[in-house]
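Single-letter residue listing:
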Amino acid sequence: MATCIPFFFVFLLFFVPLSSRACHPVDKEALLDFKRRITSDPSNLLKSWTASSDCCSSWEGVSCGVLGRVVNVSRPGLFSGEDFIVDTLMTGTLSPYLGNMSSLQLLDLSNLKELSGPIPQEFGKLSELNYLFLDTNKLSDSIPMTLRYLSKLKRLYLSDNLLSGHVPSIGSWKLLSELGLSGNFLAGAIPSDIGKLVMLTKIDFHGNNLSGSIPTSIGNLKNLTYLDLSENQISGSIPQSIGGLSSVELLYLHQNQLTGSIPSSISGLASMQFCRLSDNKLTGTLPSSIGQLSNLKKLILENNKLTGKLPATIGHLVNLTDIFFSNNYFTGRIPSSFGNLVNLQTLDLSRNQLSGQLPSQLAKLQNLQTLDLSFNPLNLVSIPIWMQELKVFQLLLAKTGIVGQLPSYLSSSSISMLDLSSNAITGKLPRWIGNMTNLSFLNLSNNAIYSTIPAEFKNLSLLMDLDLHSNKFSGHLNAIFSKEVQEPLGHYNSIDLSGNMFRGAIDKEIGNRVAMTPITSLVLSNNKLGGTIPKSIGNLSGLQVLKLENNGLSGVIPRELGNDKELSVIILSKNKLNGSIPTEVLNLKNLKEFDVSSNRLSGRIPYHNSSIPASAFKDNHGLCGSPLPPCKH
């Protein structure tokens, strides 16, 4: 929320009634007209606003000056005192008569949620207005051009509404210090005259449809501490002039269409603590001058097209807590200077082209909680022994060239998320896996592990996501389904055991096992299970994805699956299922993907609303009806 609630009480101190003069009739009529346009006021914010009382002395949220003219109207939907918080709403529209309140300095109607309709053009007549807060409502149409006449504005918040059209010329707001227009549908370019607003300390335009380039004049805003232009359609390059923003502490330009390289002038942002340029189309190398940003805490550059080596100068940024460089084209080695980043909590260099030996200096990162080097051609061969000195909760080394068996020192780690997928890990799943009791996420998929699931697996009482697909696991699945839980944690969210050699019928009580109750995705395809589909799966009320393809399953499709109202994907193809397709299953409201091809099903395909192709029913010689050929009587 962009509104400045803390200032609310400051304003009340400054705008208390200063005389006993009666409220000016023009102001009183304007406020009564506003009240008449309010159709719902459940918290009675306007209860005291009556025609028989004086608006200066008796109306809540209204303050007057020495001449009886209203200077302050403050009726926000979210406000607090020493021992209370009020979060309410108001339904209605803004009265154009409010524009007649010629002495008004503060208008705060923020966070009323249901205030709708346009901002009246007449607001342009409020020549004394310093503070206008209309954010977090449902105001629509464009920002009135007449607001440019409000030359005394200091703070303007119109965020989180339904405003559209272009941002009007704003060069006349010479005194403006804060401008919040985020969370609307504003389009067009950022006004080039924004560089004239040299008093600005905060600009928040995020979450609109703004296009064009970042004006070069933005570099004139020497007092700016907060700049958020994220989640728009802004294109072009980051201007060199951005280096002039020496006071900026937060720079968010992510989720735009920015191109070109990060300018070396970025070193001029000496106060910057939070920099997020992710999800753009930035190219070129990361300038070494970035190492001069000594106050930087978070540097987020993921999902761009950046190339070249990681500058060793990043090691100078000892205040860094988070580095997110994922999904770029960085090459070469990780600089040993990264070991100087002793405050680092997250190091995400995944999905790049980094290679070479990992620097052992990274062992000095004793505050590191997340280390993600996944999908880099590192050719690790083995997980470096110095990694046991780290205290990470998340260790992600997918497709980094690991071969051989899992190192036993993992058994004494505090790791919560472990991803070693898409490597060449062999051998058995060790019994000591049961000692990793902090695990909540385990992904060993796409390896060559060939054992059964050890009984000790049941000790993973916090495990919620398990992916072992595409290995050579064998034996029964019961140890997985019946594992312990540590309430309220340890209930499965997802399981993928596909592409293994598991045998034995699926546990008939699978849907009643404590660990299974909230599961959303169950994938067991391409094993050698045999047996039938347990009816108890119908008790998994949160299940969205069920894949049991190519498992040698026989028997009927249980109609109890129709109890899983959230199911959107059901894949039962390439089995030996017989009987008919239950109507309850085919008519699940959320069903988007359904495949029972290559079975022994028969009978008429039930009428269904889902758009399911004929290929989903093929190779069942007894099935007929749409989308297959009609049944023969």
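In this text, all values refer to a predicted model and were calculated from it rather than measured experimentally.

1. As for the overall build of the chain
Move 1: Per the secondary structure count, the chain includes 4 helices and 43 strands.
Move 2: For the chain, the C-alpha atoms occupy an extent of roughly 90 × 70 × 50 Å along the three principal directions.
Move 3: Excluding contacts between residues fewer than 6 apart, the proportion of contacts in the chain whose partners are at least 24 apart in sequence is 53%.
Move 4: Total accessible area computed for the chain in this model is approximately 25,700 Å², and 51% of it derives from carbon and sulfur atoms.
Move 5: Here the chain carries 51 positive and 45 negative side-chain charges, and the mean point of each set is 6 Å from the other.

2. Things to note about the state of the cysteines
Two cysteines, two sulfur atoms, one covalent bond between them: this is a disulfide.
Move 1: Tallied over the entire structure, the rule returns 3 disulfides.
Move 2: Residue Cys23 pairs covalently with Cys55 via a disulfide, S to S 1.7 Å. Residues Cys23 and Cys55 are joined by a disulfide whose S-S torsion is about 65°; by sign, that bridge is right-handed. Of the two residues, Cys23 is situated in the loop between α1 (5-14) and α2 (25-36) and Cys55 in the loop between β1 (38-40) and β2 (62-64); the sequence distance between them amounts to 32 residues. Each of the two residues, Cys23 as well as Cys55, counts as buried.
Move 3: The disulfide partner of Cys56 is Cys64, and the gap between their sulfur atoms is 2.0 Å. Around the S-S axis, the bridge from Cys56 to Cys64 shows a dihedral of about -90° and counts as left-handed.
Move 4: You can call Cys64 buried: its relative accessible area is 2%.

3. Considerations on the UniProt feature "domain: Disease resistance R13L4/SHOC-2-like LRR" (unreviewed entry) in the chain
Move 1: UniProt's entry tags residues 252-418 with the feature "domain: Disease resistance R13L4/SHOC-2-like LRR" (unreviewed entry), counted in the numbering of this structure.
Move 2: In residues 252-418, the share of helix is 0% and the share of strand is 19%. The end C-alpha atoms are 31 Å apart.

Conventions adopted
Counting restarts for each chain, with residues numbered from 1 along the sequence as it is written. Reporting of local features is limited, given that this is a predicted model, to residues whose pLDDT is at least 70; pairs of side-chain atoms are given and counted only at 80 or more, and all residues count toward the totals for whole chains, interfaces and linings. Water and hydrogen atoms were dropped before computing side-chain values, which therefore reflect all heavy atoms in the structure. Secondary structure counts use DSSP, requiring at least four H or I residues in a row for a helix and at least two E residues in a row for a strand, with both numbered from the N terminus. Residues count as neighbours in contact if any of their non-hydrogen atoms are within 4.5 Å of one another. Only the protein chains shown count as covering a residue, and every accessible area follows the Shrake-Rupley method with a 1.4 Å probe. Only four residue types enter the tally: Lys and Arg on the positive side, Asp and Glu on the negative side; His and the chain ends are excluded. For charged residues, the charge sits on one atom: NZ in Lys, CZ in Arg, CG in Asp, CD in Glu. Whenever a pair of cysteine sulfur atoms sits within 2.5 Å, that pair is classed as a disulfide. Each residue is assigned to one of three classes by its accessible area relative to the maximum for its type, calculated with a 1.4 Å probe on protein chains only: buried under 20%, partly exposed between the two thresholds, exposed over 50%. UniProt positions are given in the numbering used here, feature names are shortened, and annotations may be inferred rather than shown by experiment.

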